Amino acid sequence: MFASLSRGAQDLEGRMGEWEKDFSKRGSEWLESGRQWLAEAQKRDDEIAAQMKGYVDQASDAVKAQWAKAQQDWDAEVTRVRGMAETLRADAAKLTTSERAEWAEAYAAQMVNFAQKMQEEAGKAVAEAGQARAKADEAKKA
């Protein structure tokens, strides 16, 4: 799972670089590609969520409670950001066509920046999980 998550983060970083280069050239083609990527990402997210559920189901009650709280907090934050994005989109709809294009490009850049930060955090989490598991396995041997 961690290798898959790491590969996914690396794939995302590569895709973002390509998107930035082609952003103004590809228009609707890029939009369709983004939709397909989003569908694939949702599928991967569902698979990872199922794996995480398996891990959590095997964890102690304390770990389960912490994970449930973290998931609840994350879901609330995602809902808040999505609401903010919808408000921004509604405001942007009032702009001229040229201004709307500039707004959309700036918004995309902000989302890429956010995704990169989350990717960095995911990488740290993967490394920390690997270290923690190695320590736990080593402690069992002792």
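Figured I'd write up the structure that's included with this text.

Conventions used here
Residues numbered from 1 in each chain as written. Predicted model: local features only at pLDDT ≥ 70, side-chain atom pairs only at ≥ 80, totals over all residues. Heavy atoms only, no water. Helix = DSSP H or I, 4+ residues; strand = E, 2+ residues; numbered from the N terminus. Buried < 20%, exposed > 50% of the residue type's maximum accessible area, 1.4 Å probe, protein only. Contact = heavy atoms within 4.5 Å. Areas by Shrake-Rupley, 256 points an atom, 1.4 Å probe, with all protein chains shown as cover. Patch = residues over 30% accessible without salt bridge, like charges linked within 9 Å, V, L, I, M, F, W, Y side chains within 5 Å. Salt bridge = Lys/Arg side-chain N within 4 Å of Asp/Glu carboxyl O. Core = buried A, V, L, I, M, F, W, Y, C linked by side-chain atoms within 4.5 Å. Phe/Tyr/Trp six-rings, centres within 6.5 Å; stacked < 30°, edge-to-face > 60°.

Here we come to the overall build of the chain. Along the chain, the regular secondary structure elements total three helices and zero strands. The linear arrangement of helices and strands in the chain, starting from the amino end, is α-α-α. Within the chain, the fraction of its 142 residues that count as buried is 11%. For the chain, restricting intrachain contacts to residue pairs at least 6 apart in sequence, the fraction spanning at least 24 positions comes to 57%. Accessible area for the chain stands at about 10,900 Å²; split by element, carbon and sulfur atoms hold 55% of it.

To continue, consider a nonpolar patch on the surface. Side chains of Trp 74, Met 111, Phe 114 and Met 118 sit close together on the surface and give an oily, nonpolar patch of about 350 Å² of accessible area. Among the elements that make up the nonpolar patch, the one with the highest residue count is helix H3 (residues 97-141) (three residues). If you trace the backbone, Trp 74 turns up in helix H2 (residues 61-92).

The next thing to look at is the pattern of salt bridges. A full pass over the atoms with the stated rule returns six salt bridges. One salt bridge connects Asp 73 with Lys 69, and the closest N-O pair in it is separated by 2.7 Å. Note that Asp 73 and Lys 69 are positioned in helix H2 at a spacing of four residues, about one turn of the helix. The class of Asp 73 is partly exposed, set by a relative accessible area of 37%. Of the charged contacts in the structure, one is a salt bridge between Glu 77 and Arg 80, with a shortest N-O distance of 2.7 Å. With Glu 77 and Arg 80 both in helix H2, this residue pair falls three residues apart, about one helical turn.

Before going further, it helps to examine the nonpolar core. The nonpolar side chains of soluble globular proteins are, as a tendency, buried together. Counting five residues, the largest nonpolar core is built from Leu 12, Met 16, Trp 19, Val 112 and Ala 115. Those elements that place two or more of their residues in this core are helix H1 (2-58) and H3. No other element matches the three residues that H1 contributes to this core. Those residues within four positions of Ala 115 in sequence are excluded, and the remaining contacts are Leu 12 and Met 16.

Per the counting criterion, the structure on display carries one aromatic pair. Consider the rings of Trp 103 and Tyr 107, whose centres lie 5.1 Å apart with planes at 5°: the pair is stacked. Of this pair, Trp 103 and Tyr 107 both sit in helix H3, four residues apart, roughly one helical turn. Take Tyr 107: its relative accessible area is 18%, and that puts it in the buried class.

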